Amino acid sequence: HLAPSPIATILRGAGAPFSNAMESATGMALPMAPGVCSHAGDRSLIWLGPDEWLLLDNAAQADGAAEEARLEALLAPHAAAVCDVSDNRSVISL
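It should be emphasised that the depicted structure is a prediction, and the values quoted were computed from it without experimental measurement.

> Is there a simple way to think about helix H2 (residues 64–75) in this case?
The terminal C-alpha atoms of H2 lie 16 Å apart, and with 12 residues this matches the ideal 16 Å at 1.5 Å per residue to within 8%. The complete set of buried residues in H2 reads Gly-64, Glu-67, Leu-71 and Leu-75. End-on view of H2: buried residues confined to an arc of 65 degrees, all on one side of the axis.

Here it is, written out as structure tokens:
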């Protein structure tokens with residue numbers, strides 16, 4: 001059967017103001033090296049590149065569109081991009 005998949009959001013940005021805003025928004029420091037992740041509760045931030053991260057939220061009540069809108073509003077003053085990519089994967093439980 002199909003298992004619930006996490007809400008997945010791609011985040012792009014650079015610089016200290018962006019990093020500070022992300023830490024405030026997620027409660028996690030941005031991982032800054034390959035193979036590094038940050039975790040807080042049901043959420044994880046995964047380093048994808050020098051200016052790109054994947055935010056995963058496994059909370060049952062998570063809403064990808066709402067999370068995207070919330071992050072876009074918080075990051076609006078910064079040169080940043082936010083994209084909900086939750087629908088690009090499925091989890092099959094055997």
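Now that the structure has been shown, we can carry on.
> How do you make sense of the sheet that holds strand S4 (residues 43–49) when you look at a structure like this?
Either a parallel or an antiparallel arrangement is found when strands of a sheet pair, and the pairing is made through backbone hydrogen bonds. As summarised here, the arrangement of the 5 strands in space is S3-S4-S5-S2-S6, forming an open sheet in which the pairing is antiparallel. Two strands close off the open sheet at either side, each with one partner strand: strand S3 (37–40) and strand S6 (80–84). In this sheet, neighbouring strand axes are inclined to one another by 20 degrees on average, regardless of whether the strands run parallel or antiparallel. Where H2 meets the sheet, it contacts strand S2 (7–13), S4, strand S5 (52–57) and S6, and its direction lies at approximately 175 degrees from that of S6.

> It is not clear to me how the environment of Ala-80 should be interpreted in this structure. Could you clarify?
In this fold, Ala-80 is placed in strand S6. In this structure, the C-alpha to C-alpha distance between Ala-80 and Asp-51, residues 29 residues apart in sequence, is 9.4 Å. The residues contacting Ala-80, other than those within four sequence positions of it, are Arg-12, Gly-13, Phe-18 and Leu-75.

> For this particular structure, what's the right way to read the packing of helix H1 (residues 16–26) against H2?
Orientation of H1 relative to H2, taken along the N-to-C sense of each, is 140 degrees, at an axis distance of 10 Å. On the basis of the axis angle, H1 is oblique to H2. The way H1 lies across H2 gives a crossing that is right-handed. In this structure, H1 uses Phe-18, Ala-21, Met-22 and Ala-25 to contact H2, whose residues at the interface are Arg-70, Leu-71, Leu-74 and Leu-75.

> Where do I start with the side chain of Ser-86 in this structure?
Relative to the elements of secondary structure, Ser-86 occurs in the loop between S6 and strand S7 (91–92). Overall, Ser-86 belongs to the buried group, its relative accessible area being 9%. Here the side chain of Ser-86 touches Asp-84 through a polar contact of 2.5 Å, side chain to side chain. What Ser-86 contacts, discounting residues up to four positions off in sequence, is Ser-5, Pro-6, Ile-7, Ala-8 and Gly-64.

> How do you make sense of the pairing of S2 when you look at a structure like this?
On a regular strand, one side chain projects to one face of the sheet and the next to the other, so that they alternate. Counting buried residues in S2 gives 6 out of 7 residues, a clear majority hidden from the surface. Judged from the 6 bridges that link them, S2 and S5 form a sheet pairing that is antiparallel. Bridging from a neighbouring strand, Ile-10 pairs with Leu-54 of S5. Alignment of S2 against S6, held across 5 bridges, turns out to be antiparallel. When the bridges of S6 are listed, Arg-12 appears paired with Ala-81.

The rules we used
Residues numbered from 1 in each chain as written. Predicted model: local features only at pLDDT ≥ 70, side-chain atom pairs only at ≥ 80, totals over all residues. Heavy atoms only, no water. Helix = DSSP H or I, 4+ residues; strand = E, 2+ residues; numbered from the N terminus. Expected span 1.5 Å × (residues − 1). Buried < 20%, exposed > 50% of the residue type's maximum accessible area, 1.4 Å probe, protein only. Arc of directions from axis to C-beta. Pairing = 2+ DSSP bridges. Axes fitted to C-alpha atoms, helices over the stretch in contact; angles between N-to-C directions. Contact = heavy atoms within 4.5 Å. Parallel < 35°, antiparallel > 145°, perpendicular 65-115°, else oblique. Left-handed = near helix turned anticlockwise from the far one by under 90°. Polar contact = N/O pair within 3.5 Å; in protein donor to acceptor, adjacent residues only side chain to side chain.

Don't take any of this as a statement about function, it's just geometry.
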